[in-house]
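Observations on chain architecture
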Amino acid sequence: MRGLYYFVFWIFPILPSTIQNETRVPCFMVPQKCTDQANVPSCIEDGMRTCLSKSPRMRDPNFFSRPISSEEIVDTERGYKIHVSEEALQRSSNRRGNYKEVDLIVSILNEAFFRVSSSSDTKEGNDSHESNPVLHGQSVLGVWLGVKEIRNLSQPVQLRFINTNQSENGICVYWHIDKNGKGNWSPDGCKTTIDSGEFVCSCNHLSFFAVLINPEIPEESHIVPLNYISYIGSALTIAFTALMIIMFLCLRKKQCDHSAIIHMQLSGSLFLLHTSFLCSVGFSGQSDIDSVCQALGLLLHWCLLATFTWTAIEGFHLYLLLVRVFNIYIKRYLLKLSLVGWGVPTITVMICGVTKVYGKYTFYTDKEGSTVTPLCWINTQIVSYITVNGYLGLVMLFNMVMLGVVLVKIHKLRSQTLQIKDHRRRAWKEWVSILGLSCILGVPWILAFSTHGPLSLPSLYVFTILNSFQGVFIFVWFLTLTCQARKEEHSSSKGTIQVSLNSNEYVNTR
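The structure displayed is predicted, hence computed values, not measured ones. Just so you know, the residues in each chain are numbered from 1, in the order the chain's sequence is written. Where totals are concerned, whole chains, interfaces and linings use all residues; where local detail is concerned, this predicted model gives features only for residues with pLDDT of at least 70, and gives and counts side-chain atom pairs only at 80 or more. For the side-chain quantities, the full set of heavy atoms in the structure was used; hydrogens and water were omitted.

Turning our attention to the sheet that holds strand β3 (residues 80-84). Should DSSP find at least two bridges between two strands, the strands are regarded as paired. A run of H or I in DSSP counts as a helix once it spans at least four residues, and a run of E counts as a strand once it spans at least two, with each numbered from the N terminus. Spatially, 5 strands are ordered β2-β3-β6-β10-β9 in an open sheet, and the strand pairing comes out antiparallel. Two strands bound the open sheet, and with one partner strand each, they are β2 (72-75) and β9 (190-195). Along the sheet, successive strands turn relative to each other by an average axial angle of 20°, direction set aside. Relative to strand β10 (residues 198-203), strand β6 (residues 157-161) runs antiparallel, the two sharing 5 bridges. Across the sheet, the residue bridging to R160 is V200, located in β10. Comment: axis = line fitted to C-alpha atoms, over the contacting stretch for helices; angle = value between 0 and 180 degrees taken between N-to-C directions.

What follows is the structure, encoded as structure tokens:
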């Protein structure tokens, strides 16, 4: 009986653990088991702490597991190197000195699992980073050490994203799960450094990690001057476009030419654009009401599209004057142009507004994760690409063709003139006209496509200066042409074909 007693005493404690081990899921199967769950990250987080660190029979490129017993740099051979600190080992084993072996588990997961969960956080007032692409092939790195949760380390764990060779600005983030089980990307507790083109994330905890990329956003030292240029330029553009509209209303005649009216429509769209931009920047960091920021984002998007549309209309009107010349009468011409200039942006933002793509858009640029330039704008990247980048590309392509036609026409006129002594004066006037037309046609906006590569920073400065002060340049050009037109009214030469810069029309004075 005593032998049976000892048998029962020793076997019964062993049986439950044996049965439990048989029912535990291998770690490499946890992500697959959690794909049908409502909250995939939380399911994986819980499953990885109770799973069997059993490696698959065949090499899995998305899974790595290895027991470690001392501080070392582990090459996962999956594109990541992990430096496990001594403190992290101590926390995981709860022992001092000689640590027992602890399983280091690394899993590479699809970023879509986290993007779906993050979309629900926008209603709670958290910033959504769905529009920020994740580095390294749309993947997220999950790291676990033992079965205990490790956080608040004084000796951080380092994760190196190798073979990236990235020039963009990025920031290391982890997936933060709140008390309600909802998650969002957060840079808290992680420091970002770039070593030989590779991102190094030093974090005081273990979790799901990724690098969020903000393409071509300059360093923090350049953010402040660029912001000041934008704000000062926008304020001056608002003042000068308003002054130009007032001058036009005061000086206009009973029958004003179409070109001047189109110029004023473009000036009005610029006035609204820069006003909405300053309001969007000002209210995005102060207002906690999402509906206010959504409305400001919609307004800014509408004003930007209206500006692009009116620059395209300027190019179309220039085409009628320089290419067709004759038989260009169109019934209710200005009304039709107005319907296009203001109607196309209205329809576009109404469709975008229904899909709820507007809200707070914040750039993360510095290594500590502090926010820079909060803005009420579009949160969905694909919508921004299609309605802003794509639309701007089409407008600039058309207007560049029109500018080329103007250059050809001016060259022909110059070759036909017989007044050789006035070549310098004519050349100066031609350059003034080209610069003015370039500003009217929105040519500086084309620099938006050149803010990539080694010259991205100089291009960004030039782009910011030219487009922030666009209204000022148009005012100076408008004022110059107005004075020139009045001067030519009193002293017009006969038998000379001229180009009236104010109306962009050929005038035959005889």
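Having seen the model, we can carry on.
For the rest of this paragraph, the subject is the state of the cysteines. By disulfide we mean two sulfur atoms from cysteines, separated by a distance within 2.5 Å. Tallied over the full model, the rule gives 5 disulfides. Note that C190 is cross-linked by a disulfide to C203, the S-S spacing being 2.2 Å. Taking the torsion about the S-S bond as the criterion, the C190 to C203 disulfide, at about 115°, is right-handed. Here C203 lies in strand β10 and C190 lies in strand β9, a separation of 13 residues in the sequence. Judged by its relative accessible area of 0%, C203 falls in the buried class. With cysteine numbering restricted to those in disulfides and following the sequence, the chain has the pairing 1-4, 2-3, 5-7, 6-8, 9-10. Buried means the residue's accessible area, taken with a 1.4 Å probe over protein chains only, is under 20% of the maximum for its type, while exposed means over 50%, and partly exposed covers the values in between.

Among the nonpolar cores identified, the biggest contains 45 residues, and L273, L304, F308, W377, I378, W445 and I474 are the most heavily contacted of them. For this core, the leading source of residues is helix α9 (residues 290-324), giving 10 residues. Not counting residues up to four positions away in its chain, the partners in contact with I474 are M244, L266, S267, L270, C439 and I440. Here the nonpolar core consists of buried residues drawn from Ala, Val, Leu, Ile, Met, Phe, Trp, Tyr and Cys, with membership extended through side-chain atoms lying within 4.5 Å. Among the nonpolar cores identified, the runner-up in size contains 29 residues, and F199, C201, C203 and L206 belong to it. Whether two residues touch is decided by their heavy atoms; if any such pair falls within 4.5 Å, the residues are in contact.

Attention now goes to a nonpolar patch on the surface. A contiguous nonpolar patch, built from V224, Y228, I232 and L236 and spanning about 380 Å² of accessible area, is present on the exposed surface. One can find Y228 in helix α7 (residues 220-251). Patches draw on residues past 30% relative accessible area with no salt bridge. Two like charges within 9 Å are joined, as are two nonpolar side chains (Val, Leu, Ile, Met, Phe, Trp, Tyr) within 5 Å. In this description, accessible areas are obtained by the Shrake-Rupley approach with a 1.4 Å probe, and a residue is regarded as covered only by the protein chains that are shown. Take a side-chain nitrogen of Lys or Arg and a carboxyl oxygen of Asp or Glu: if they are within 4 Å of each other, that pair is a salt bridge.

Before going further, it helps to examine the side chain of S186. Considering the arrangement of structural elements, one finds S186 in strand β8 (residues 183-186). A polar atom in the side chain of S186 sits 3.2 Å from the side chain of D188. Not counting chain neighbours up to four residues away, the residues in contact with S186 comprise V173, Y174 and H176. Polar contacts here mean pairs of N or O atoms no more than 3.5 Å apart (in protein, one a potential hydrogen donor and the other a potential acceptor; neighbouring residues in sequence count only if both atoms are side-chain atoms).

What follows covers the confidence of the model for the chain. A score between 0 and 100, pLDDT records how confident the predictor is in each residue. The pLDDT averaged across the chain works out to 76; a share of 72% of its residues lies at or above 70. Taken element by element, the predicted model of the chain shows its lowest mean pLDDT in strand β15 (residues 505-509) (34) and its highest in helix α10 (residues 333-354) (95). Segment residues 1-22 is flagged for pLDDT under 50; beyond a separation of four residues in sequence, or across chains, it makes 2 contacts in the model. Counting interchain partners and residues more than four positions distant, the pLDDT-below-50 stretch residues 493-510 has 43 contacts.

Inspection of the secondary structure puts T480 in helix α14 (residues 470-490). Since its relative accessible area comes to 38%, T480 is described here as partly exposed. A C-alpha to C-alpha distance of 9.6 Å links T480 and V432, two positions 48 residues apart in sequence. Looking at T480, its side chain comes within polar contact range of the main-chain oxygen of V476, at 2.8 Å.

On to the pattern of salt bridges. All chains considered together, the criterion is met by 4 salt bridges. One salt bridge in this structure joins R91 and E87, with 3.1 Å as the shortest N-O distance. One end of the pair, R91, and the other, E87, are both in helix α4 (residues 86-93), 4 residues apart, so they sit about a helical turn from each other. Note on E87: relative accessible area 15%, which makes it buried.

Our focus in this paragraph is the pairing of β10. Counting buried positions over the 6 residues of β10 gives 6, a clear majority of the element. Every second residue of β10 is oriented toward a common face, with E198, V200 and S202 on one face and F199, C201 and C203 on the other, all of them buried. Taken together, the 6 bridges between β9 and β10 define a ladder with antiparallel strand orientation. By the bridge assignment for β10, D195 is matched with E198. In this structure, the hairpin formed by β9 and β10 is closed by a connection of 2 residues, where S196 is found at a positive phi of approximately 55°.

Another point: α10. A helix is expected to span 1.5 Å multiplied by its residue count minus one. Between the first and last C-alpha of α10 there are 32 Å, a value that for 22 residues agrees with the 32 Å anticipated at 1.5 Å per step. Taking the largest bend as the criterion, α10 deviates by roughly 30°, centred on G343, and proline P345 comes between one and four positions later. Looking at α10, one finds that the buried residues are Y333, L337, G341, P345, V349 and C352. After α10 finishes, the residue K356 shows a positive phi value of roughly 55°. Note that the bend at a residue is defined as the angle between axes fitted to the seven residues ending at it and the seven residues starting at it.

As a further point, take the side chain of E87. Only 2.7 Å separates the side chain of E87 from the side chain of S154, close enough to count as a polar contact. When near neighbours in sequence (up to four residues on either side) are disregarded, E87 contacts N152, L153, S154 and Q155.

The subject of this paragraph is the environment of V84. The residue V84 is located in strand β3 in this model. Measuring from C-alpha to C-alpha, the distance between V84 and L104 comes to 9.1 Å, with 20 residues separating the pair along the chain. Sequence-distant contacts of V84, defined by excluding residues within four places in its chain, comprise I68, E71, E72, L89, L104 and L145.

We now examine the packing of aromatic side chains. The pairing test for Phe, Tyr and Trp rings, Trp by its six-membered ring, is centres within 6.5 Å, and the orientation test on the planes gives stacked under 30 degrees, edge-to-face over 60, and tilted for anything in between. Across all of its chains, the model carries 9 aromatic pairs by this definition. Seen in terms of ring centroids, W144 and F208 are 5.4 Å apart; in terms of plane orientation they differ by 85°. Their pairing is edge-to-face. Here F208 lies in strand β11 (residues 208-214) and W144 lies in strand β5 (residues 139-145), a separation of 64 residues in the sequence. Since its relative accessible area comes to 1%, W144 is described here as buried. We classify F208 as buried; its relative accessible area is 0%. Seen in terms of ring centroids, Y231 and F277 are 6.4 Å apart; in terms of plane orientation they differ by 35°. Their pairing is tilted. With a gap of 46 residues between them, Y231 in helix α7 and F277 in helix α8 (residues 258-284) connect regions that are remote in the sequence. The class of F277 is partly exposed, set by a relative accessible area of 21%. Members of the aromatic cluster, each reached through a chain of ring pairs, are W302, W310 and W342.

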